[in-house]
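Geometric and topological summary
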Amino acid sequence: MDPSEVEFLAEKEKISILTNFSENKIYLIGGEIGPFNASLPTEVPLWVAIFLKQRRKCRIQPPDWMDVERLQELKEKEKDAEYFTKCPLNTTWKLLLFF
């Protein structure tokens, strides 16, 4: 797979956002998303989250692995390991870091 194919597949992954607006369900070809309630978490595809974030309509909630305690545990494992440990960062979050 080339990088553009990986990016396309990653954009379908669901992530949690906190919107600053309220709206009923939105019906799209790929399925329905929502309903959106202000300040309540909603699961949406990554491409929707990026679209809303660029328009300052939502905040993307960080994944569980970005918790400070969890990252410190990973850091300790890395120090103790003879070889590198597996990085929790996946394609989805690499896309978010650039938007």
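In what follows, the structure referred to is the one given above.
About the criteria used
Residues numbered from 1 in each chain as written. Predicted model: local features only at pLDDT ≥ 70, side-chain atom pairs only at ≥ 80, totals over all residues. Heavy atoms only, no water. Buried < 20%, exposed > 50% of the residue type's maximum accessible area, 1.4 Å probe, protein only. Helix = DSSP H or I, 4+ residues; strand = E, 2+ residues; numbered from the N terminus. Pairing = 2+ DSSP bridges. Patch = residues over 30% accessible without salt bridge, like charges linked within 9 Å, V, L, I, M, F, W, Y side chains within 5 Å. Areas by Shrake-Rupley, 256 points an atom, 1.4 Å probe, with all protein chains shown as cover. Salt bridge = Lys/Arg side-chain N within 4 Å of Asp/Glu carboxyl O. Lys, Arg positive; Asp, Glu negative; His and termini not counted. Charge placed at Lys NZ, Arg CZ, Asp CG, Glu CD. Phe/Tyr/Trp six-rings, centres within 6.5 Å; stacked < 30°, edge-to-face > 60°. Axes fitted to C-alpha atoms, helices over the stretch in contact; angles between N-to-C directions. Contact = heavy atoms within 4.5 Å.

A separate point is the pairing of strand β1 (residues 14-19). Each regular strand shows side chains that alternate between the opposite faces of the sheet. Counting buried residues along β1, 5 of its 6 residues qualify, which places the element largely inside the surrounding structure. Pairing between β1 and strand β5 (residues 58-60): 3 bridges, direction antiparallel. The partner of Thr19 across the bridge, within β5, is Cys58.

A word on unusual backbone geometry. The phi angle of most residues is negative, glycine excepted, and most peptide bonds adopt the trans form. A cis geometry characterises the amide bond from Gly34 onward to Pro35, with omega recorded as 5 degrees. Positioned with a positive phi, Ser39 is a non-glycine residue whose angle comes to about 65 degrees. Among the secondary structure elements, Ser39 is positioned in the loop between β3 (31-33) and β4 (41-45). Using a relative accessible area of 58% as the deciding quantity, one classes Ser39 as exposed.

Moving on: the environment of Glu11. With respect to the secondary-structure elements, Glu11 resides in the loop between α1 (3-10) and β1. Placed 34 residues apart in sequence, Glu11 and Pro45 show a C-alpha to C-alpha distance of 6.5 Å.

On the surface, Asp64, Asp67, Glu69 and Glu73 cluster together into a patch of negative charge. Structurally, the position occupied by Glu69 is in helix α3 (residues 68-80).

We now examine a nonpolar patch on the surface. On the surface, Met1, Phe8 and Leu9 cluster together into a nonpolar patch covering about 370 Å² of accessible area. Tracing the chain through its elements places Met1 in the segment before α1. According to the relative accessible area criterion, Met1 is exposed, its value standing at 74%.

Under the counting rule described, the total for this entry stands at 1 aromatic pair. With a centroid separation of 5.4 Å and an interplanar angle of 40 degrees, the aromatic rings of Phe21 and Phe36 are classed as tilted. Of the two residues, Phe21 is situated in the loop between β1 and β2 (26-28) and Phe36 in the loop between β3 and β4; the sequence distance between them amounts to 15 residues. Classification of Phe21 by relative accessible area gives partly exposed; the value is 22%.

Quick look at the sheet that holds β5 now. Through backbone hydrogen bonds, the strands of a sheet pair up, either in parallel or in antiparallel fashion. Ordered by their spatial adjacency, 3 strands build an open sheet running β4-β1-β5, and the pairing between neighbours is antiparallel. Of all strands in the sheet, those bounded by a partner on one side alone are β4 and β5. On average, each strand axis in the sheet is inclined to that of its neighbour by 45 degrees, with strand direction left out of account. Direction of pairing for β1 relative to β4: antiparallel, over a ladder of 5 bridges. Following the sheet pairing, Ser16 is matched in β4 by Glu43. In the packing of helix α2 (residues 46-54) onto the sheet, the strands contacted are β1, β4 and β5, and the crossing angle to β4 comes to about 115 degrees.

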